[in-house]
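Listed below are the residues making up each chain.
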Amino acid sequence: MDGDRTAVLGQTPKHNSKREFCLVVLSGKDMGKTLSISKAKIKLGRDESADIPLDDPAASRNHAVILKKNDQIHLIDQSSTNGTYLNLTKVDTAVLKNGDRILIGTTVLKFLYADSVEVNFHDEIYKLAVLDGLTQVYNKKHFTELLKVEMSRAHRQKTPLSLSLVDIDNFKQINDTFGHQAGDYLLANIAKLFKKNIRSEDVLARYGGEEFIFMLPDTNIQMALTVMAKLRTLLGRAVYTYSDQQIKVTFSAGIQALEPSIVSISEFISLADKKLYLSKKQGKDRISI
């Protein structure tokens, strides 16, 4: 298209002002994730202040906006370097309709009405891909993908980042005494306690078996110690009841802060694991830094 390259690709039905819309990530770091469009103006781009930040080197810092206006949803390019594409057509501004695909850099987003059955499908696929089935926190694979991005950001911006590896103490004994179902019940509830008591920007995952791992952005090692000490106290006070049996648990943890010399994910996690081993060796129910 020439001129202002305005594309009205099919009519978008007039919507109730309270009706919700969303974007589903079809390709990119958050593939399968559903992103709600709840504001009148949504900014997309590589800038961290964007409403939908895109970890994509081919995206501009302020790449595009999605604007609710006159009973329509508009996609507007913000003079981006590589352009904004709608259904493979480069556009400056476009009116979105249900099912449209937006290409920004290498990221593909699908525009959908939030009451569409397809949204639920994509949401379930996303959960299966990134969440641990038992605890409903991130799985190890997705955690490492997020850690890679955050390590790059921390190195680039010279901001602190801490990692903590946690192991539930004497978990084999708990399984042997109360049964594996009791163990599963405990892990699910411990994950809930952890999730409830960390910040929204902190990342929690089940690392394997009875191990959890925390990524704490913009957090130095002393701040991380405060966070983990609080969680240790809360878990130590908790009493879980399974089949009329009361179970108390503790955890051991190791904390490692990101240093300029640490460039690989495996090294970062390995250093935290060594601190965890020290906690276990020294008698458990403690945190090593």
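Before reading on, note that the structure itself is shown above.
Attention in this report is confined to the structure presented alongside it.

So, how was this worked out
- Residues numbered from 1 in each chain as written.
- Predicted model: local features only at pLDDT ≥ 70, side-chain atom pairs only at ≥ 80, totals over all residues.
- Heavy atoms only, no water.
- Helix = DSSP H or I, 4+ residues; strand = E, 2+ residues; numbered from the N terminus.
- Buried < 20%, exposed > 50% of the residue type's maximum accessible area, 1.4 Å probe, protein only.
- Contact = heavy atoms within 4.5 Å.
- Core = buried A, V, L, I, M, F, W, Y, C linked by side-chain atoms within 4.5 Å.
- Polar contact = N/O pair within 3.5 Å; in protein donor to acceptor, adjacent residues only side chain to side chain.
- Axes fitted to C-alpha atoms, helices over the stretch in contact; angles between N-to-C directions.
- Parallel < 35°, antiparallel > 145°, perpendicular 65-115°, else oblique.
- Nonpolar A, V, L, I, M, F, W, Y, C, P; charged D, E, K, R; others polar.
- Phe/Tyr/Trp six-rings, centres within 6.5 Å; stacked < 30°, edge-to-face > 60°.
- Expected span 1.5 Å × (residues − 1).
- Pairing = 2+ DSSP bridges.
- Salt bridge = Lys/Arg side-chain N within 4 Å of Asp/Glu carboxyl O.

Moving on, we come to the overall build of the chain. Looking only at helices and strands, one finds six helices and 19 strands in the chain. The 289 residues of the chain split such that 44% are buried. Residue pairs in contact within the chain that sit at least 24 positions apart in sequence constitute 56% of those at least 6 positions apart.

A separate point is the nonpolar core. The biggest cluster of nonpolar side chains holds 30 residues, and the ones touching the most others in it are Ile168, Ile190, Phe194, Phe212, Phe214, Val249 and Phe251. For this core, the elements supplying multiple residues, two or more each, are strand E13 (161-168), helix H3 (171-178), helix H4 (180-196), strand E15 (211-217), helix H5 (221-237), strand E16 (240-242) and strand E18 (251-257). The element contributing the most residues to this core is H4, with seven residues. Phe194 has contacts with Val166, Leu204, Phe212, Phe214, Leu231 and Phe251, leaving out every residue within four places of it along the chain. Core analysis: the next-biggest nonpolar cluster, separate from the first, contains 23 residues, Val25, Ile37, Leu96 and Leu109 among them.

Relative to the elements of secondary structure, Ser252 occurs in strand E18. Of the polar contacts made by the side chain of Ser252, one reaches the backbone nitrogen of Asp285; its length is 3.0 Å. Ignoring anything within four residues of it in the chain, the contact list for Ser252 reads Leu165, Val166, Asp167, Asp169, Leu276, Ser279, Lys280, Lys284, Asp285 and Arg286.

What follows is about the packing of helix H2 (residues 140-157) against helix H6 (residues 265-281). The geometry of a pair of packed helices is captured by two quantities: the angle between their axes and the separation between those axes. Interaxial distance between H2 and H6 falls to 10 Å at its minimum, and their mutual angle equals 100°. Classified by the angle between their axes, H2 and H6 sit roughly perpendicular to one another. Between H2, through Thr144, Leu147, Lys148 and Met151, and H6, the contact on the second element is made entirely by Ile265, Phe268 and Ile269. Of the residues contributing to the contact of H2 with H6, the split by class is five nonpolar, one polar and one charged.

Our next topic: the packing of aromatic side chains. Scanning the model with the defined rule gives five aromatic pairs in all. Measuring from centroid to centroid gives 5.4 Å for Tyr185 and Tyr242, while their planes differ by 45°, and the two rings are tilted. Here Tyr185 is found in helix H4, whereas its partner Tyr242 is found in strand E16, with 57 residues between them in sequence. On the accessibility criterion, Tyr185 (29% relative accessible area) is partly exposed. A centroid spacing of 5.2 Å and a plane angle of 70° characterise the contact between Phe194 and Phe214, whose relative ring orientation is edge-to-face. Taken together, the residues span a long stretch of sequence, with Phe194 in helix H4 and Phe214 in strand E15 at a distance of 20 residues. On the basis of relative accessibility, which here comes to 0%, the residue Phe194 falls in the buried class. One aromatic cluster is present, formed by Phe194, Phe212, Phe214 and Phe251 through successive ring pairs.

Further remarks concern H4. Between its first and last C-alpha, H4 extends 24 Å over 17 residues, near the 24 Å set by a 1.5 Å rise per residue. For H4, the set of buried residues is Ala182, Gly183, Leu186, Leu187, Ala188, Ile190, Ala191, Leu193 and Phe194.

Here we come to the sheet that holds E13. Taken together, five strands build an open sheet; the order of strands is E14-E15-E13-E18-E19 and the sheet is mixed. Two strands close off the open sheet at either side, each with one partner strand: strand E14 (203-208) and strand E19 (287-288). The pairing of E13 with E15 spans seven bridges and is antiparallel. Counterpart to Ser162 in the pairing with E15 is Leu216.

This paragraph deals with the pairing of E18. Looking down a regular strand, the side chains alternate between one sheet face and the other. Counting buried residues in E18 gives seven out of seven residues, a clear majority hidden from the surface. Alternating positions in E18 separate into two faces, Phe251, Ala253, Ile255 and Ala257 on one and Ser252, Gly254 and Gln256 on the other, with burial throughout. The pairing of E13 with E18 spans seven bridges and is antiparallel. The partner of Asp167 across the bridge, within E18, is Ser252. Relative to E19, E18 runs parallel, the two being bridged by two bridges.

Our focus in this paragraph is the pattern of salt bridges. This structure, assessed with the given rule, holds 14 salt bridges. A salt bridge links Arg153 to Asp218, with the nearest nitrogen and oxygen atoms 3.3 Å apart. Placement of Arg153 in helix H2 and of Asp218 in the loop between E15 and H5 is noted, with a sequence separation of 65 residues between them. A salt bridge links Asp167 to Lys280; the shortest N-O distance between them is 2.5 Å. Here the residue Asp167 occupies a position in strand E13, and Lys280 occupies one in helix H6, the gap between them amounting to 113 residues. Here Asp167 falls in the buried class, since its relative accessible area comes to 10%. Each of Glu48, Glu150, Arg153 and Asp218 takes part in a single network of salt bridges with overlapping partners.

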